[in-house]
Amino acid sequence: MSAQPAKLYRAWMAEFRTPFFRSYLINDPALIKEVLKTRPDDFPKSDRIGAGLRPLLGNSVFLTNGAEWKRQRRIIDPAFEGGRLRDTYPAILAAADAGVTRLAAQANGEPQEIEAMTSHIAADVIFRTLFSIPIEDETAQQVFHAFQDYQRSQPILNLAAFVRGPAWMPRLFRADTRQAAKTIRRLITQMTQRRLALIAAGQAPDDLATKILTTKDPETGETFDLDEMVDQVAIFFLAGHETSASALSWALYLLAMHPEWQEKLSAEAAIFDGDFADLSQLKSTKDVFKETLRLYPPVPMMVRETSKAEIFRKRDLRRAAQVVLSPWHLHRHERLWDAPDAFDPARWGTENGQKCARDAYIPFSAGSRMCSGAGFAQVEGVVVLARLLKSYRFSLVPDRKPVPVAHLTVRAKDGIWLSIVLNPH
């Protein structure tokens, strides 16, 4: 990702031609608004990305379009609305505190790979909020390790998906990718079946899984069946685990680079007692997490497809052309942001930062397809950072600068290595 051509960070639009399709990178805020907010139904999700994820995600909300997607969102969204975030907050806090306890053994000043640690915490958050089980649960452990295998084996693009062909044409997936996806879906099926049995017996905990499984589509009165719920749980884990782990890792790296900000966040964390009502005390922590999502957006690009011919910036786009919205480029665009490559959490209080927050900041997408769990993820990131920085100090490791690459999310090529010691305060 760091080797992208410099001109893409100034262009409002760029065209890429291949033997199979035309692709257009869009950085113009007006066009992004058109695609995501004004006419989202005219620009459905492209299967160029989805084809690589379908063995794991099936027909989940992440891959569907049109009426099917809208039906799924009508069932899913109530789980993340209103007071539900307050209800799930204790599980988020418990997972953060469990992560702090586990990290004690690594706080010896020696280089540690941070992505593994944040992945563990983020996975624990998902298991606790979704199924009311900690990551130490045997099935949770198996799912976690299978997801690690899947993440390492699956690139963000499956090149075979770019070749036009009949529906029966097999897509090319590595054997270990298929096996990891099969294992994950089998384990999720077991957890979902157990939850359905508890719901039937009137003994299910009031967590996200129960809420989603019992919510009826207000238009049809139907609920998700077992297979549909397995699809949705897979994307909840992928979106909630992978993206949060990525953001937390890069946040700790940036704070290690900028110890003055780490000190500021540590001071905030020291007075935060963990109550949901006191999250407003973590203002600088929120700004740092927001700035991390700007510089290292977990999902580096979103691919849409034109459903009919379009004209963008006096350029003709054919039907089925690929429209690429890239948070990675948009968030660092030289014509939009002041000092776009600088880590500056204070920017969010400036006029330029507030304008760009409205027009050029899409870490969770925007419009009707904005991530359902955006609010959840932001609370999770802030709380986990606060708990970690209350107990530990993170420092750079010489000659181990991370190189960002796009897998399922923006990760470091050889991991993010930091040294950890107990916070002296």
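Note that the structure is predicted; figures quoted are calculated from it, not measured.

Enquirer: Would you mind going over the nonpolar core with me for this structure?
Expert: Burial of nonpolar side chains together is a common tendency in soluble globular proteins. In terms of nonpolar packing, the biggest core is built from 119 residues, with Ile26, Phe127, Leu252, Phe312, Leu388 and Phe394 touching the most fellow members. A total of 17 residues in this core trace back to one element, the largest contributor, which is helix H9 (residues 226-257). Those residues within four positions of phenylalanine 127 in sequence are excluded, and the remaining contacts are Ser132, Ile133, Ile135, Ala140, Val143, Phe144, Met191 and Phe237. In this structure, Leu8, Leu25, Val303 and Val324 belong to the second largest nonpolar core, which totals five residues.

Enquirer: Explanation requested: the sheet that holds strand S2 (residues 22-26) in the structure shown.
Expert: Each strand in a sheet pairs with its neighbour through backbone hydrogen bonds, running either in the same direction (parallel) or in the opposite one (antiparallel). Strand order in the open sheet formed by four strands is S1-S2-S7-S4, and the pairing between neighbours is mixed. The strands lining the two open edges of the sheet, one partner per strand, are strand S1 (13-17) and strand S4 (302-305). The average angle at which neighbouring strand axes cross in this sheet is 25°, direction not considered. Across the face of the sheet, helix H1 (residues 29-38) comes into contact with S1, S2, S4 and strand S7 (322-325) while running at roughly 110° to S7.

Enquirer: Teacher, can you tell me more about helix H13 (residues 351-359) here?
Expert: Every α-helical turn comprises 3.6 residues, leaving residues that sit three or four positions apart pointing alike. Along H13, the residues that are buried comprise Asn352, Gly353 and Cys356. Projected down its long axis, H13 shows its buried positions confined to an angular sector of 95°, all on one face. For H13, the exposed residues set more than 90 degrees away from the buried face come down to Glu351 and Arg358.

Enquirer: What exactly am I supposed to notice about helix H11 (residues 283-295) here?
Expert: The end-to-end C-alpha distance of H11 is 19 Å, a good match for the 18 Å that 13 residues give at a rise of 1.5 Å each. Counting buried positions along H11 yields 10 of 13 residues, so the element is predominantly enclosed. Taken residue by residue, H11 has Ser284, Thr285, Asp287, Val288, Phe289, Glu291, Thr292, Leu293, Arg294 and Leu295 as its buried positions. Taken together, the buried residues of H11 touch H9, helix H10 (259-271), helix H12 (327-330) and helix H14 (374-391).

Enquirer: Just to check I follow, could you spell out the pairing of S7 for this structure?
Expert: Both faces of the sheet carry side chains from a regular strand, because those side chains alternate between them. Taking every second residue as pointing to the same face, both faces of S7 are buried, with Gln322 and Val324 on one and Val323 and Leu325 on the other. Relative to S7, S2 runs parallel, the two being bridged by four bridges. Of the residues in S7, the one forming a bridge with serine 23 is glutamine 322. Relative to S7, S4 runs antiparallel, the two sharing four bridges. By the bridge assignment, arginine 304 is partnered in S7 with valine 323.

Enquirer: What is the right way to read the packing of aromatic side chains from this model?
Expert: Aromatic rings in a pair are described by how distant their centres are and how their planes are angled relative to each other. Applying the stated rule across the entire model yields 10 aromatic pairs. Between the aromatic rings of tyrosine 296 and tryptophan 328, the centroid separation amounts to 6.0 Å while the plane-to-plane angle is 65°, which identifies the pairing as edge-to-face. Taken together, the positions of tyrosine 296 in the loop between H11 and S4 and tryptophan 328 in helix H12 put the pair 32 residues apart, joining distant regions of the chain. Under the relative-accessibility criterion, tyrosine 296 is labelled buried at 11%.

Enquirer: Can you walk me through the pattern of salt bridges in this structure?
Expert: Side chains that carry opposite charge are capable of pairing whenever their charged atoms lie near each other. One pass over the structure, following the stated rule, counts 30 salt bridges. For glutamate 263, the salt bridge goes to arginine 393, with nearest N and O atoms at 3.2 Å. Here arginine 393 lies in strand S8 (residues 392-396) and glutamate 263 lies in helix H10, a separation of 130 residues in the sequence. Taking relative accessible area as the criterion, glutamate 263 reaches 31% and is therefore assigned partly exposed. Glutamate 310 is the partner of lysine 308 in a salt bridge, and the nearest nitrogen-oxygen pair spans 3.3 Å. Since its relative accessible area comes to 39%, lysine 308 is described here as partly exposed. The exposure class of glutamate 310 is buried, given its relative accessible area of 8%. Taken together, the shared-partner salt bridges connect Glu34, Arg39, Asp42, Lys308 and Glu310 into one network.

Criteria and thresholds
All residue numbers refer to position in the chain's written sequence, counted from 1. Residues qualify for local features only when their pLDDT is at least 70, as the model is predicted, and side-chain atom pairs are given and counted only at 80 or more; totals for whole chains, interfaces and linings, by contrast, use all residues. In computing side-chain properties, one takes all heavy atoms of the structure into account and sets aside hydrogens as well as water. Definition used in this section: a nonpolar core is a set of buried Ala, Val, Leu, Ile, Met, Phe, Trp, Tyr and Cys residues joined via side-chain atoms within 4.5 Å. Note on exposure labels: buried denotes an accessible area under 20% of the residue type's maximum, exposed denotes more than 50%, and partly exposed covers the range between, all computed with a 1.4 Å probe on protein chains only. Strands are runs of DSSP state E lasting at least 2 residues, helices are runs of H or I lasting at least 4, and numbering of each runs from the N terminus. Contacts between residues were defined by any pair of non-hydrogen atoms, one from each residue, lying within 4.5 Å. In this analysis, strands are considered paired if DSSP registers two or more bridges between them. Lines are fitted to the C-alpha atoms to define the axes, a helix being fitted only along its stretch in contact, and any angle between axes, read from their N-to-C directions, falls within 0 to 180 degrees. In this context, the arc is that of the directions from the helix axis out to the C-beta atoms. Multiply 1.5 Å by the residue count of a helix minus one, and that product is the helix's expected span. Each Phe, Tyr or Trp ring (for Trp, its six-membered ring) is paired with any other whose centre lies within 6.5 Å, and the angle between the two planes then decides the class: stacked below 30 degrees, edge-to-face above 60, tilted in between. What counts as a salt bridge is simple: a side-chain nitrogen of Lys or Arg found within 4 Å of a carboxyl oxygen of Asp or Glu.

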